[in-house]
Amino acid sequence: MADVDAATTGKPAAHVLIAADKFKGSLTAVQVAEHVTAGLRRAVPELSVTAVPVADGGDGTVAAALAAGFARHEVRVTGPTGTPVTATFALHEDGTAVVEMAEASGLQHLPEGVFAPLTATTYGTGELLLAALDAGARSVVFGVGGSATNDGGAGMLAALGARFLDRAGEPVAPGGGPLAGLATADLSGLDPRLATTEIVLASDVDNPLTGPKGAPAVYGPQKGATEADVATLDAALAHYAKVLEAAVGPKAAEYAVAPGAGAAGGIGYGALVGLGAEFRPGIDVMLDVLGFGPALERATFVITGEGSLDEQTLHGKAPAGVAAAARARGLTVVAVCGRLALPPSALLQAGIARAYPLTALEPDPARSMAQAGPLLEQAAESLARDFLV
């Protein structure tokens, strides 16, 4: 159909690239792409479409890697409250692993309505990283976000061989709160394979470890932390950083204020100081890993999106990264979303020509989420008639 269109209309054939994130709570990124494709083809039946489901390092990152052809690996690890959970990581044949901390230590592993801000541990994330190393990973994209934890990555490092002891010489209890009693830290026992493994900390969070913009203050309340808990955690993590400074030197203090240290309850800090990780914006990393660049080169039109297009979208979320890359090539970008909380001027500034929210078709949020698939097909059909017919 592409050649016929070009011959009969004189216009180059359209090739649409769908690079959208999940609609959290209703559709995975893969499902978003499937429904958008179905809607587009109602209006343009033989339209050429390529889908690259994307993620920004948060929950859904492993699913995006699996959709891109990475192999699935499942392992039983310690959940955030100590109960075993099944976690998945993705491994490419070239030795690149995508590990998502939420798979092991995410909020989804807590009982509904029950939080553990002071005691939740990242130990299972360390076990997940070990499993990736055992499977042959030579480089790791470490996506962080959606965590139930506030332990500064201490649990993760302990699973990888570090020792955190109290004044009695006993291991400190799991979680961020008990770090207030930390007396000594020893990172010399960390798995030696880490020294030769490239680890990229992929996150859209650039907060420091502690302080007014730190992990406990900004993200603790989302994990059930009261005002008193936030104060306890902030002091405990500051003390943790001091003890690590005594153990490994000034770099521990430098990393505590580095961008990304506060990601996922401070696991970013643990990755920087203990794993030698390099911080990069999650969407930039994932676009590289998922093969977005070659797909973009073939595209003439780009569709991105996520569940909520809002102020956070503009600060490192997937649609902003996709739009920036597409705009650099002079391509038109439109977005689909569950809800839209940005004015047209903000969308244009981000490189998005127009957005199609599902709430424009179904104003009731609960029904909109429940019927997200069919509604998304309707929105995509309208989009195609507006831009592709």
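Anyway, here's the lowdown on the structure attached to this text. (Residues numbered from 1 in each chain as written. Predicted model: local features only at pLDDT ≥ 70, side-chain atom pairs only at ≥ 80, totals over all residues. Heavy atoms only, no water.)

**A word on the overall build of the protein chain**
Spelled out, the test is: Helix and strand assignments follow DSSP, with helices taken as H or I runs no shorter than four residues and strands as E runs no shorter than two, numbered in order from the N terminus. Here the radius of gyration uses the C-alpha set of atoms, whereas the globule reference equals 2.2 Å times the residue count to the power 0.38. Think of it in three bands: with a 1.4 Å probe and only protein chains considered, a residue is buried below 20% of the maximum accessible area for its type, exposed above 50%, and partly exposed in between. Between two residues, a contact is recorded if the distance between any of their heavy atoms is within 4.5 Å. Throughout, the Shrake-Rupley method with a 1.4 Å probe supplies accessible areas, and for residues the shown protein chains are the sole cover considered.
When you go through the protein chain residue by residue, the secondary structure sums to 16 helices and 13 strands. Here the C-alpha radius of gyration of the protein chain, 22 Å, is about what a compact globule of 389 residues would show, namely 21 Å. With respect to the three principal axes, the spread of C-alpha positions in the protein chain is 80 × 45 × 35 Å. Among the 389 residues that make up the protein chain, the fraction classed as buried is 54%. A fraction of 72% describes how many contacts in the protein chain between residues 6 or more apart in sequence connect residues 24 or more apart. When the accessible surface of the protein chain is summed, it comes to about 15800 Å², and 53% of that surface belongs to carbon and sulfur atoms.

**Structural notes on the pattern of salt bridges**
As a reminder of what qualifies: In what follows, salt bridge is the name for a side-chain nitrogen of Lys or Arg lying within 4 Å of a carboxyl oxygen of Asp or Glu.
Scanning the entire structure with this criterion turns up 15 salt bridges. Lys-24 is the salt-bridge partner of Asp-59, the closest N and O atoms lying 3.4 Å from each other. Here the residue Asp-59 occupies a position in the loop between β2 (48–51) and α3 (61–67), and Lys-24 occupies one in the loop between β1 (15–18) and α2 (29–43), the gap between them amounting to 35 residues. One salt bridge connects Arg-193 with Asp-134, and the closest N-O pair in it is separated by 2.8 Å. Here Arg-193, found in the loop between β8 (184–186) and β9 (198–203), pairs with Asp-134, found in helix α5 (residues 123–134); they are 59 residues apart in sequence, far enough to count as distant.

**Remarks on helix α13 (residues 318–328)**
Within α13, the full set of buried residues consists of Ala-318, Pro-319, Ala-320, Gly-321, Val-322, Ala-323 and Ala-326. Against the buried residues of α13 lie α11 (282–289), α12 (292–298), β11 (301–309) and β12 (332–340).

**Examining the sheet that holds strand β5 (residues 96–100)**
Here is the rule: Here, strands pair whenever DSSP counts at least two bridges between them. Angles run from 0 to 180 degrees between N-to-C directions of axes, and those axes are lines fitted to C-alpha atoms, restricted for helices to the stretch in contact.
One open sheet accounts for six strands, arranged β3-β4-β5-β6-β9-β10; its pairing is mixed. Edge positions in the sheet fall to β3 (71–78) and β10 (278–281), since each of these pairs with one other strand and no more. In this sheet, adjacent strand axes meet at a mean angle of 30° when their direction is disregarded. Strand direction decides the pairing type here: β5 and strand β6 (residues 139–143), joined by five bridges, are parallel. Each residue of the ladder has a partner; that of Val-99, found in β6, is Phe-142. Sheet strands in contact with α11 are β5, β6, β9 and β10, and its direction is about 85° off that of β10.

**Notes on the side chain of Ser-203**
Note the following rule: What qualifies as a polar contact is a pair of N or O atoms within 3.5 Å, subject to a donor-acceptor requirement within protein and to the restriction that residues adjacent in sequence count only when both atoms come from side chains.
Locating Ser-203 in the fold gives a position in strand β9. Of the residues examined, Ser-203 reaches a relative accessible area of 1% and is grouped as buried. A distance of 2.9 Å separates a polar atom in the side chain of Ser-203 from the backbone nitrogen of Val-205. In this structure Ser-203 touches Asp-56, Val-144, Ala-263, Phe-279, Arg-280, Pro-281 and Gly-282, once residues within four positions along its chain are discounted.

**Some words on the packing of α2 against helix α16 (residues 372–387)**
Keep this limit in mind: To sort the angles, those under 35 degrees are grouped as roughly parallel, those over 145 as roughly antiparallel, those from 65 to 115 as roughly perpendicular, and the leftovers as oblique. Working rule for handedness: look at the near helix, and if it is turned counterclockwise from the far one by less than a right angle, call the crossing left-handed; if clockwise, right-handed. Any residue outside Ala, Val, Leu, Ile, Met, Phe, Trp, Tyr, Cys, Pro, Asp, Glu, Lys and Arg is labelled polar, Gly included; the first ten of those are nonpolar and the last four are charged.
Packing of α2 against α16 leaves a shortest axis separation of 7 Å and a crossing angle of 45°. When the axes of α2 and α16 are compared, the pair comes out oblique. Note on packing geometry: the crossing formed by α2 with α16 is right-handed. Contacts between α2 and α16 involve Val-32, His-35, Val-36, Ala-38, Gly-39, Leu-40, Arg-42 and Ala-43 on the former and, on the latter, Gly-373, Leu-376, Glu-377, Gln-378, Ala-380, Glu-381, Leu-383, Ala-384 and Arg-385. The residue makeup of the contact of α2 with α16, split by class, is nine nonpolar, four polar and four charged.

**Structural notes on the pairing of β2**
Put simply, the rule reads: Consider the strands pointing away from the viewer: the crossover is right-handed when the path from the first strand over the helix to the second runs clockwise.
As paired elements, β1 and β2 share four bridges and run parallel to each other. Bridging from a neighbouring strand, Val-16 pairs with Val-49 of β2. For the segment spanning β1, α2 and β2, crossover handedness is right-handed.

**Re the pairing of β11**
The buried count for β11 comes to eight of nine residues, which makes it a mostly enclosed element. Two elements, β1 and β11, share three bridges in a ladder whose sense is parallel. Each bridged residue has a counterpart across the sheet, and for Val-16 the counterpart in β11 is Phe-301. Sheet topology note: the β11/β12 ladder contains eight bridges and is parallel. Pairing of Ser-308 across the sheet is with Arg-339, part of β12. Running through α13, the crossover from β11 to the neighbouring parallel element β12 is right-handed.

**Re the packing of aromatic side chains**
The criterion, for reference: For Phe, Tyr and Trp, where Trp contributes only its six-membered ring, two rings pair if their centres lie within 6.5 Å, and the inter-plane angle classes them as stacked under 30 degrees, edge-to-face over 60, or tilted in between.
Taken as a whole and judged by the stated rule, the model has three aromatic pairs. Residues Phe-164 and Tyr-240 carry aromatic rings whose centres are separated by 5.9 Å and whose planes lie at 55° to one another, so their mutual orientation is tilted. Linking Phe-164 in strand β7 (residues 163–165) with Tyr-240 in helix α8 (residues 227–248), this pair joins segments that are 76 residues apart in sequence. In this pair, the class of Phe-164 matches that of Tyr-240, namely buried. An aromatic cluster of three or more residues is present, and its members are Phe-164, Tyr-240 and Tyr-269.

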